[in-house]
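Spelled out from the first residue to the last, the chains are:
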Amino acid sequence: MAQVGKPYSYAAAGPDAYDCSGLTMASWGAAGVSLPHFSGAQYDDFPHVSMSQLPPGDLVFPSDPGSHVALYAGGGMVVEATHTGDFVHYWPMRSEFVLAARP
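These lines cover the structure that appears in this document, whether it is placed above or below. Keep in mind the model is a prediction, meaning the values are calculated, not measured.

## Brief notes about the environment of Ser-52
Move 1: Residue placement: Ser-52 occurs in the loop between α2 (39–45) and β1 (59–61).
Move 2: With a relative accessible area of 64%, Ser-52 lands in the exposed category.
Move 3: In this structure, the C-alpha to C-alpha distance between Ser-52 and Ala-100, residues 48 residues apart in sequence, is 9.7 Å.
Move 4: Among the polar contacts listed, one links the side chain of Ser-52 to the side chain of Ser-50, at a separation of 2.7 Å.

Below, the structure written as structure tokens:
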């Protein structure tokens, strides 16, 4: 949550800017868990879980997990870095998120 408002930057993993997988990598890294810096690899490397059983911290992906990743924050909300020109957001999870993995 401390990263909300920081700018999106392609291939960035903080501390001043993030891309989607850099944000999830840095967030889990703060908890001592190593993630690769690519959303597709993050999906491939960890157990897949049901979208109906997400605790905060799970990774959520669209149908093409190589295209984007966000952190589930609980209560139907996500934290994500979306695209160039935007900022890290905390907002409602969109219907495009249909896959999940748990580091």
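On we go.
## Topic: the pattern of salt bridges
Move 1: Enumeration over the complete set of coordinates arrives at three salt bridges.
Move 2: We note a salt bridge from Arg-102 to Asp-58, for which the minimum N-O separation is 2.8 Å. Of the two residues, Arg-102 sits in the segment after β5 (99–101) while Asp-58 sits in the loop between α2 and β1, which places them 44 residues apart along the sequence.
Move 3: Accessibility expressed as a relative area gives 2% for Asp-58, which makes it buried.
Move 4: Here Glu-80 and Arg-94 are joined by a salt bridge, their closest N and O atoms 2.3 Å apart. Pair noted here: Glu-80 is in strand β3 (residues 77–80) and Arg-94 is in the loop between β4 (89–92) and β5, with a separation of 14 residues, a long-range link.
Move 5: A single network of salt bridges, built from pairs that share partners, joins Glu-80, Arg-94 and Glu-96.

## A look at the sheet that holds β5
Move 1: In spatial order, the strands read β4-β3-β2-β1-β5; together these five strands make up an open sheet with antiparallel pairing. Looking at which strands have only one partner, the edges of the open sheet turn out to be β4 and β5. For this sheet, the mean angle separating the axes of adjacent strands, direction not counted, is 35 degrees.
Move 2: With three bridges joining them, strand β2 (residues 70–74) and β3 adopt antiparallel strand pairing. Residue pairing in the sheet places Gly-74 in a bridge with Met-77 of β3.

## Quick notes on the side chain of Glu-80
Move 1: For Glu-80, a relative accessible area of 0% corresponds to the buried category.
Move 2: At 2.6 Å, the side chain of Glu-80 forms a polar contact with the side chain of His-68.
Move 3: Engagement of the side chain of Glu-80 in a polar contact is seen with the side chain of Trp-91, the distance being 2.5 Å.
Move 4: Ignoring anything within four residues of it in the chain, the contact list for Glu-80 reads Leu-23, His-68, Ala-70, Phe-87, Val-88, His-89, Trp-91, Arg-94 and Phe-97.

Criteria and thresholds
- Residues numbered from 1 in each chain as written.
- Predicted model: local features only at pLDDT ≥ 70, side-chain atom pairs only at ≥ 80, totals over all residues.
- Heavy atoms only, no water.
- Helix = DSSP H or I, 4+ residues; strand = E, 2+ residues; numbered from the N terminus.
- Buried < 20%, exposed > 50% of the residue type's maximum accessible area, 1.4 Å probe, protein only.
- Polar contact = N/O pair within 3.5 Å; in protein donor to acceptor, adjacent residues only side chain to side chain.
- Salt bridge = Lys/Arg side-chain N within 4 Å of Asp/Glu carboxyl O.
- Pairing = 2+ DSSP bridges.
- Axes fitted to C-alpha atoms, helices over the stretch in contact; angles between N-to-C directions.
- Contact = heavy atoms within 4.5 Å.

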